[in-house]
Amino acid sequence: MRRPWRSRRSCRRRFTTSAFQRGLAALTQYIQREGRTTVGRAHVEELPDGSAIKLGVFLSNQKARRDRLDAAQRAALAELGYTWAAEQSGRS
């Protein structure tokens, strides 16, 4: 049975959202355990399901690409204490 056609954009968006949610879950877990928001670039966080998230890379990427995050994603990061998530980067 063939699946209905989906645009690449809708598939990419769904993947990106789930990847963001997994990264956010790992970040929340890290902050609760460590009590701080500073994450080393090489840090890898293991989620309860056994999957490993390159948390330092995730966080660095979110900061570099903050202008492309949607409002809910930026609000979620700001709620965890990342003030840069609530600001514009100043790049065009």
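The rules we used
- Residues numbered from 1 in each chain as written.
- Predicted model: local features only at pLDDT ≥ 70, side-chain atom pairs only at ≥ 80, totals over all residues.
- Heavy atoms only, no water.
- Salt bridge = Lys/Arg side-chain N within 4 Å of Asp/Glu carboxyl O.
- Helix = DSSP H or I, 4+ residues; strand = E, 2+ residues; numbered from the N terminus.
- Buried < 20%, exposed > 50% of the residue type's maximum accessible area, 1.4 Å probe, protein only.

**Focus on the pattern of salt bridges**
(1) Moving on: On inspection of all chains with the given rule, the structure shows three salt bridges.
(2) Moving on: Residues Glu34 and Arg33 are paired through a salt bridge, measuring 3.0 Å at the closest nitrogen-oxygen approach.
(3) Moving on: For Glu45, the salt bridge is made with Arg33, and the minimal N-O distance between the two is 2.5 Å. Residue Glu45 is found in strand S1 (residues 45-46), and its partner Arg33 is found in helix H1 (residues 8-34); the two are separated by 12 residues along the sequence.
(4) Moving on: For Glu45, a relative accessible area of 1% gives the class buried.
(5) Moving on: Salt bridges sharing partners connect three or more residues here, namely Arg33, Glu34 and Glu45.

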